[in-house]
Amino acid sequence: MPTEKEKMLAGELYDASDPELVADGQRARVLCQQLNALPPAGPEAQRRGLLGGLFGSATDVVIMPPFQCDYGRNISLGSGVYFNFNCVVLDVCRITIGDRVLFGPAVQIYTASHPMSAAERRSGLEFGAPVVIGDDVWVGGGAIICPGVSIGAGSVIGAGSVVTRDVPADVFAAGNPCRVIRTVD
């Protein structure tokens with residue numbers, strides 16, 4: 001029988017109050033709190049250690065505090081990723097972020113979701129869907145990326161957009177819901 005964590009990562013209904021998931025979430029919150037508390041010109045070795053603990057490997061990501069995530073270990077980061085201030089990443093499922101991706105302030109990435117049926121929601125079970133963001137994407141400030149979305153390489157997401165469906169490569173997309181406006185050069 002699969003564990004609650006295995007069900008969560010597979011996008012199936014799972015119990016978020018499972019002790020293993022609670023412990024994993026607490027670990028991530030402690031690491032985020034420590035990362036967010038570092039002084040701007042703080043010790044680089046400590047920053048790298050915290051990033052390695054949070055994401056499972058040391059990366060060359062730049063994170064402007066505050067930054068929050070559910071677990072951290074479900075986030076795969078490419079080289080040269082930049083998170084501006086106040087980003088929130090709900091990583092109950094896998095989030096794959098390519099190289100040189102830029103996130104404006106207050107961007108939110110969600111993989112977590114809940115059943116549409118009120119009766120099912122009362123059960124306390126939830127589920128998720130993975131998010132994939134290609135290389136060289138720029139996500140404008142305040143944008144929200146919803147569960148199950150893929151954003152193609154080289155695309156730009158306008159500030160304040162709510163991305164509810166896949167966005168192809170090399171386009172500018174914006175709005176609520178986010179839609180393709182034009183191609184980018």
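Residues numbered from 1 in each chain as written. Predicted model: local features only at pLDDT ≥ 70, side-chain atom pairs only at ≥ 80, totals over all residues. Heavy atoms only, no water.

Going by an unreviewed UniProt entry, the protein chain carries the name Maltose O-acetyltransferase and comes from Natronocella acetinitrilica. Quoted verbatim from the Sequence similarities (unreviewed entry) field of UniProt, the annotation for the protein chain is "Belongs to the transferase hexapeptide repeat family." (UniProt positions renumbered as here; feature names shortened; annotations may be inferred.)

S.K.: Please explain the environment of N86 as it appears in this structure.
M.R.: Relative to the helices and strands, N86 resides in the loop between β5 (82-83) and β6 (87-90). Sequence separation of N86 and S17 is 69 residues, and the distance between their C-alpha atoms is 26 Å. Once you skip the residues sitting within four places of it in the chain, N86 turns out to touch M64, P65, P66, A106 and V107. (Helix = DSSP H or I, 4+ residues; strand = E, 2+ residues; numbered from the N terminus. Contact = heavy atoms within 4.5 Å.)

S.K.: Can you help me understand the packing of aromatic side chains in this one?
M.R.: Two numbers describe a pair of aromatic rings. These are the distance of the centres and the angle of the planes. One pass over the structure, following the stated rule, counts three aromatic pairs. Aromatic pair F55 and F67: ring centres 6.2 Å apart, planes at 70 degrees, arrangement edge-to-face. Highlighted residues: F55 in helix α3 (residues 44-55) and F67 in strand β3 (residues 67-69), separated in sequence by 12 residues. The pair F55 / F67 is uniform in exposure class, with both members buried. Here the aromatic rings of F83 and F103 are separated by 4.6 Å at their centres, their planes lie at 10 degrees, and the arrangement is stacked. Taken together, the residues F83 in strand β5 and F103 in strand β8 (residues 102-103) connect sequence positions 20 residues apart. (Phe/Tyr/Trp six-rings, centres within 6.5 Å; stacked < 30°, edge-to-face > 60°. Buried < 20%, exposed > 50% of the residue type's maximum accessible area, 1.4 Å probe, protein only.)

S.K.: What exactly am I supposed to notice about the pairing of β6 here?
M.R.: Residues C87 and V89 point to one face of β6 and are all buried, whereas V88 and L90, pointing to the other face, are not buried. Sheet topology note: the β6/strand β9 (residues 108-110) ladder contains three bridges and is parallel. Residue pairing for β9: V89 is matched across the bridge by I109. (Pairing = 2+ DSSP bridges.)

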